Amino acid sequence: MPNDSMPDAPRAIAMTVNGRAETLGVPARRSLLHALREDLHLTGTKEGCGVGTCGACTVLLDGRPVLSCLMLAVQAEGRAVDTVESLSHDGALAPVQDAFVRHDALQCGFCTPGQIMALEGLLRRTPRPSEEMVRRALEGNVCRCGTQLRIQDAARELAGGGRSR
Amino acid sequence: MPKIVRQKIEFEGRVEEREVVIEGDDLPIWAADQPLRVVGTSVPRVDGAERAAGAAQYTADLYPAGLVFGAMLRSPHAHAKIRRLDAARAERAPGVRLVLSHLNTTGIPWYNGVSALFGTELRYAGEEVAAVFADSAAAARDALDLVDVEYEVLPHVVDPEAALAKDAPKVHAAGNVLGGAAERYARGDVEAGFSGAAATVELRAETQDVLHHSMETHGSICEWSGGRLTIYDSTAHIFGVRRQVAAALKVPLDHVRVVSRFMGGGFGSKNQAAKHTVLAALAARRLGRPVKIMFTRAEESIAAGKRPRSAQRIRLAASRAGRLVAIDYWGVSGLGAYRAVGSPLAGPAKEMYACPNVRTEVWNVFTNTGPGAAFRAPGYVEGTVGLDCAMEALADRLGIDPLELRLRNYAEGDQVLARPYSSKFLREAYKMAADAAGWSRRAATPAAPVRSGAPRRGFGMASQIWGGAGSAPAYAEVRLNPDGTVDVRIGTHDIGTGARTALTQIAAEVLTLPIEKITVLLGDTDFPYSPLSAGSQTIASCGPAVRMAAEEARRHLLDTAASVLEAAPSDIRLEAGSMSVAGVPDRKIAVHELTGRMNNFTIGGRGFRGANPDGVTIRTWGVQIAEVEVDPETGDVRIIKITACHDVGRVINPMGYVSQIHGGVIQGIGMALYEDHVTDPESGTVMDLGFDTYAMPRQSMIPQIEALAVGQPDPVSNNLGVKGVGEPPIIPTAAALVNAIANAVGVRVTSLPVTPAKIIRALGGA
C-alpha cells in the first residue's frame, strides 16, 4: 500500500475525459471536481457548495450524472468523464445548450453547466422524459436566479423532439 | 459647459439630495409611438452561448500562474475580544506562506471606522480573526486550526427586538440603535383618524433572516505588477471596490483596476468591497504572487450578508366606504453587527396608498450576527408584508373586495414629497393581473378558521411600489471598427440580469445594425464609469448613456457619409446598416464599406446619462396575485399560480423581462414559505451552514408564473423611457401568498416563513 502515510502525495491515475485519455497525478484527497478544474483546466464545471447539495458540479460518469465534488479523482480511475466542455464543438452548441439559450434558461449562468449536464444525462437515458421526470432529475440542481420554469420549457422542447437532437 | 445642480435622488428606497453634474443637453425621449426595430423585441441573451458552453470565466474560474490561496479563520463566538493570538504553528504548516491578523495589518479601518480590517473585538460568530495563505486552498484551510487564539467571551444578543431592550448586551459601545434613535415620519393627525374610523385592523408581521446564497460565492483574485493592482472580483460594483481598496491600501485610484466580466449572482450582497478583497491584495503584495480567496458555502451562510429579520406592527383605520383615514406603522429591523444603512421598512406604508394621516417609526438595530446587506428591494419586501396583509385584513373586515379596496385608495401623487409621479400605470396593472389570474373566482374569506376537510383554494394580492429610476452619472463609449462591427464600452456589470443584451439592443437600434455586429464590453474599471448594479438602476442609468454614445457615433457616420456621397448631412438616411441620399436611393454606402475605406480612422461616440427630471417622483409599480391550495389538516400549501403585472416603463427585452419576473417571484416564494436563516440565541451561532439545512427553491416548489408587463414608456424618466425591473417582482410575492392562504383557510399567518406548523398552530391545532 504505497503512500498511505502521505495522503497528499500525488498518485498517478488514468481516465478518459471528454473522449481524451488523460493521465494525471493527484493527491488521494483531491475531488474529481478539483482535478477537472485545477489540473485539467476544465472550469466549465462549477463549485457551488463542495458538499453535494447544489448540483453545480454535475458531470457524466460513464454517461450518468454524478456530483463531481463528492467523488475523489482516484475513484474515476479507468472511467469516462464528460464535462460541459464535451458538448459543444468548434463553438457550435449541442441541442441542450442551444435550447437553454433560446428559452433564456440561464441568468447568471453559474449553475447552468450543472443543470445542462443533469438534463443531458437524463435525455441520454430517456430521450422523451415526462415533465415530472425532468423536475425530479433537476431537483438537486439549485438555481438562485430563478430559471426553473425556463429550464422546464427547454426540456419540454427537447423531450418533444421540437428540434432534432 | 458642465454645471452642477442639486437633486433628490432615490436609491433602494431612500431619497437623498445630491449634487449632479449636467454636461449638456440630453436627447429627446423615445415616446410611446417611436418606431423601434430591436428595442422592445425578445432577444436571447448575447452571452448565453458563452455561459451555456461553460466557457464564461467567472472569478472562481481564474487560476493565474503562481497562484496562492487564502482562507479565513472566523470567530467561533458571537461576541468576544481577542486576548492573545499566535500564528507561529500555522506559519510552519506545510505549504503555508503567510498568516495575516491584527498583529501585522494595523491601521486599516473598516466598517466606516467602527472596526478594523482585523478588529480585536469580534461582534458576530464568523467575523474574520486571521487569514492563512498557502499553496493550495486545502493547505490554507488545514492550517486555520493551527492559529492559536485566546478569546474573552462577552455577552451577545442576536434578535433585534431583544437588542432594543435597555439592559441588552451592547453590540457597539455607542449603543445598539443605528443613529441613536428611530427613523420617524408623520403627516396629518393619526389619532384623529383612528378616533373617527368605521373600521380598524391591527396586525403584527415578522420576516425572517434570509440569505442571498448566490451560486458563485464571494471571492477575489488580486495580482500586483509594477506597483499596480488588478482585482478580479465577483462584484456588482467594480468602481466601488476600486475606491475602497485603493483607500484601504493608500494607493492612487489609477493604480487599481477591477474586473468582473461574469458574475455568478449577488442580489445585493456584492455591492461593496469586502474584507477578503483587501486581504488578498495585501497578501499578494507581500508575497509577490497572485492571491485568491473564495468563500465556502458555509461562509456564505455566516459572513456574506443577509436580509435581516424584521418585526412590524401596523394599524389601519378606514371609513365605511373603505377609504384609509390613518396608518400607524412601527417596525424594527436587524442590521447584523455592522450594516450602516437601515432598512426602509416604512416605505410602502408612507406612499403606497392614499391616506391623509400616517405615522411611521422604524428602529434599525445592531445584533451580534453576520452583517446585514441589501437584498433585492431591501425593506420593501418586508414592509409590504406588513402593509398589504393589513390591507386584505381590512378588506375582509369591511366586506370589500381587496382589489376594489386598493382602487379606492389609489395614490395619484407622491404624498411624502408632495409632488406628482412621472407616470403610474398601476390601474392598468391591476386589471391585467386580475383578468389573467381569474380574480373574479375569489370567494369570500371564511369567517372562522377552517380546521378540517378537503384542501381549499384561496386568492391573495399585494401591490408593489419601488424606485428604479436610475440616475446620473454613467458614461459609455461606442467605437466602429474598420469591418463595420461595433464595440461599446461601459463600466457596468451583467450580474445575470441580461444587461449586456439590453445595452446591445439599444446600440443596435440607433446604429441600425444587427445584434451580432455589436459587442458590449463591461465589467472593467478601464471602461467609462457606471454605478453599481443595484437598486434596479442598471438599464435606467446605463441605457440612456449607451443610446447617446451611439447617437453621436451615428452623427459622425452620417457626416462622413455625406462627404463621401457628396450630399448635405441632413439628406443622409441610415437604414439597415446602409446610408443613402434622401430621394436618391442609388447613392448609398454601407456602414462597413465606409469604415473599411477609412482604415483605422475611427468613428465613435461618447454618451452620458442625463439628469433625472426635477419636480416629479419616479416609481415602478406592480401587483401580484397568488392562487393557492391549503390543506387545513396538514397545513400544506400548494401554490397553483402567481400572476405578476408590473409597470416598469418601456421594456427593452420582453424575454429578459419575463426572466426577471420569474427570478423575483421565485425568490419571493422561497422567502414566503421555505427559507429560514437560523441563529441560535443561546450560542449566537448559525445553524444553517448550507443548502442541506437552508431550503432553497427547487424545481418541485415552483408553480406556474404568468409574467405580464404594462409596457408603457415613462414620458420623462430618461431618454429611453425605461425604469428598472430587477427588484419590483420580489416585493409583493410573500404578501400575496400570505393573503391567499388567509383567503383559503381563514387565518392570516404573518410570520415568515409560513410553514405548515405555523398554519396548523394558527388554526388552533397542536
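Placed above this text is the structure.
Calculation notes
Residues numbered from 1 in each chain as written. Chains lettered and ligands numbered in written order. Predicted model: local features only at pLDDT ≥ 70, side-chain atom pairs only at ≥ 80, totals over all residues. Helix = DSSP H or I, 4+ residues; strand = E, 2+ residues; numbered from the N terminus. Rg over C-alpha atoms; globule rule 2.2 N^0.38 Å. Buried ≥ 20, exposed ≤ 12 C-beta atoms within 10 Å, placed from the backbone. Contact = placed C-beta atoms within 7 Å. Pairing = 2+ DSSP bridges. Axes fitted to C-alpha atoms, helices over the stretch in contact; angles between N-to-C directions. Nonpolar A, V, L, I, M, F, W, Y, C, P; charged D, E, K, R; others polar.

Engineer: Help me out: how do you make sense of the overall build of chain A in this one?
Structural biologist: Per the secondary structure count, chain A includes five helices and five strands. Ordering the α and β elements of chain A from the N terminus gives β-β-α-β-β-β-α-α-α-α. On C-alpha atoms alone, chain A measures out to a radius of gyration of 16 Å, which is about the 15 Å that the 2.2 N^0.38 rule sets for 165 residues. Counting only C-alpha atoms, chain A reaches 55 × 30 × 25 Å along its principal axes. Per-residue burial for chain A yields a buried fraction of 54% across its 165 residues. Counting only contacts in chain A whose residues sit at least 6 apart along the sequence, the fraction spanning at least 24 positions is 56%.

Engineer: Is there a simple way to think about the sheet that holds strand 30 (residues 584-590) of chain B in this case?
Structural biologist: Strand pairs in the sheet, formed through backbone hydrogen bonds, run parallel or antiparallel to each other. All names here are of chain B. In space, the three strands of this open sheet follow the order 28-29-30, with antiparallel pairing throughout. Sheet topology places strand 28 (572-575) and strand 30 at the edges, where each strand pairs with a single neighbour. Neighbour to neighbour, the strand axes of the sheet diverge by 30 degrees on average, direction disregarded. By the bridge criterion, four bridges tie strand 29 (residues 578-581) to strand 30 in an arrangement that is antiparallel. When the bridges of strand 30 are listed, M579 appears paired with I589. Sheet strands touched by helix 14 (residues 538-565): strand 28, strand 29 and strand 30. Its angle to strand 28, the strand with the most contacts, is close to 125 degrees.

Engineer: I keep staring at the interface of chain A and chain B and nothing clicks. Help me out?
Structural biologist: Accessible area lost upon the coming together of the parts serves often as the stated size of an interface. The interface of chain A with chain B comprises 39 residues on the first partner and 42 residues on the second. Among the secondary structure elements, those contributing two or more residues to the side of chain A that touches chain B are helix 2 (95-102), helix 3 (112-125), helix 4 (131-138) and helix 5 (148-159) of chain A. Examining the composition of the side of chain A that touches chain B, we find that four residues originate from one element, helix 2 of chain A, more than from any other. The residue inventory of the side of chain A that touches chain B, partitioned by class, reads 18 nonpolar, twelve polar and nine charged.

Engineer: I would appreciate a short explanation of the pairing of strand 24 (residues 456-466) of chain B in the present structure.
Structural biologist: In summary, the side chains of a regular strand alternate between the two faces of the sheet. Residues and elements named next belong to chain B. Burial runs high along strand 24: nine of the eleven residues are buried. The pairing of strand 24 with strand 32 (residues 620-630) spans eleven bridges and is antiparallel. Residue pairing across strands places Q464 opposite G622, the latter belonging to strand 32.

Engineer: Help me out: how do you make sense of helix 1 (residues 32-39) of chain A in this one?
Structural biologist: Within an α-helix, residues lying three or four positions from one another point in the same direction, as the helix has 3.6 residues per turn. Residue and element names in this part refer to chain A. Summarising burial for helix 1: six of the eight residues are buried, a large majority. Of the residues making up helix 1, those classed as buried are L32, L33, H34, A35, L36 and R37. Its buried side turned inward, helix 1 meets strand 2 (20-26). Looking at the residues trailing helix 1, positive phi occurs at H41, about 60 degrees.

By themselves these figures say nothing about function.
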